[in-house]
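# Coordinate inspection notes
Now for the letters of each chain:
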Amino acid sequence: MSHVTESQKDKVLTLTLNRADKKNALTRHMYQSLADALVKANEDENIKVVRIEAAGDCFTAGNDISDFAQQDDGRQISEISAFMHALVDCTKPVVAQVHGMAVGIGTTLLLHCDLVYAAKNTRFILPFINLGLVPEYASSYLLPRLAGRRKASEWLMLGEPFSAQDAYEGGIVTAVLNEEQLAERVDKVCQSLAAKPQFSLHHTKSLLNSDKEAIEQHINVELDVFLEAMDSEAAREAFDAFLHKRPINPEKFK
Ligand code: COA
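Let me begin by describing the structure that accompanies this report. (Residues numbered from 1 in each chain as written. Predicted model: local features only at pLDDT ≥ 70, side-chain atom pairs only at ≥ 80, totals over all residues. Heavy atoms only, no water.)

## Considerations on the side chain of Lys48
- Tracing the chain through its elements places Lys48 in the loop between α1 (28-43) and β3 (49-54).
- One buried charge, Lys48, has no salt-bridge partner; the nearest side chain with opposite charge is Glu45, at 11 Å.
- Separated by 2.4 Å, the side chain of Lys48 and the backbone oxygen of Lys196 make a polar contact.
- Beyond its immediate sequence surroundings of up to four residues, Lys48 is in contact with Lys11, Lys92, Pro93, Leu193, Ala194, Ala195, Lys196, Pro197, Gln198 and Leu201. (Helix = DSSP H or I, 4+ residues; strand = E, 2+ residues; numbered from the N terminus. Buried < 20%, exposed > 50% of the residue type's maximum accessible area, 1.4 Å probe, protein only. Lys, Arg positive; Asp, Glu negative; His and termini not counted. Salt bridge = Lys/Arg side-chain N within 4 Å of Asp/Glu carboxyl O. Polar contact = N/O pair within 3.5 Å; in protein donor to acceptor, adjacent residues only side chain to side chain. Contact = heavy atoms within 4.5 Å.)

## Section: a negative patch on the surface
- On the surface, Asp73, Asp224, Glu228 and Asp231 cluster together into a negatively charged patch.
- Secondary-structure assignment places Asp224 in helix α10 (residues 212-230). (Patch = residues over 30% accessible without salt bridge, like charges linked within 9 Å, V, L, I, M, F, W, Y side chains within 5 Å. Areas by Shrake-Rupley, 256 points an atom, 1.4 Å probe, with all protein chains shown as cover. Charge placed at Lys NZ, Arg CZ, Asp CG, Glu CD.)

## Focus on the sheet that holds strand β8 (residues 162-163)
- If you trace the three strands from one edge of the open sheet to the other, you get β5-β7-β8, paired in mixed fashion. Both outer strands of the open sheet, β5 (101-103) and β8, are each paired with one neighbouring strand and no more.
- With two bridges connecting them, strand β7 (residues 123-125) and β8 associate as antiparallel partners. Counterpart to Phe124 in the pairing with β8 is Phe162. (Pairing = 2+ DSSP bridges.)

As structure tokens, then:
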């Protein structure tokens, strides 16, 4: 079965992360499926809204660390880039429905969605620093602007989990809901968006994205540092420790 499922109803395309046994950790194949679906949605007149959600008890545990651990001259991130660029370039409103854990890119991607609804139980974490990595896909640009520099520094420099309420106060989340109300609310929001006039919807999103060029520039700046970090001893040690379910050796994590 595919680890990303697609379904369409009433002009709403739903993309479901569907690798629950691995906490929806995102593989290269999943990123490519998401990228392809978003590119297709842009071109399809019958799709007015994209919804991203996840099966199981977790939104996503972020990048699949075994993919990351492959030393592949940076090629292991090409599908991630394809997905994130497709998300940034998506002209249709993107609505995210989040529950459980939203780790790493699982939080970063929300910064590029238009509306984000989170269950009360959601825990967000940007653990890059704990993996010897750096922020990605404009999170170091967008988070200070959304949440303020102090919060952004806390989330990105300490790499500790934070609650749905914190994410709401920091502007990452549109609303926090009881888990049993979440899907119904997102259904209603998607239907409401799908009923709006296409021209107004399209241009409202485009007008709200006036700093897209700056975001894209920042993504490139971050990517250079990210690739360097991925090749560092600290990152290799963190990936290996996770994959072998052992503690990080501080001697190799400097
Ligand atoms: N990459 C690859 N595999 C992952 C993964 C990831 N990011 N996150 C979870 N998994 C796998 C685990 O290895 C485990 O596989 P196994 O059953 O074959 O042993 C399975 O998914 C379940 O994960 P587990 O850790 O047992 O679940 P948990 O409920 O105890 O913890 C998390 C959930 C998300 C807190 C924990 O899995 C975690 O910290 N994952 C890594 C998150 C991360 O650092 N992501 C990278 C961001 S760049």
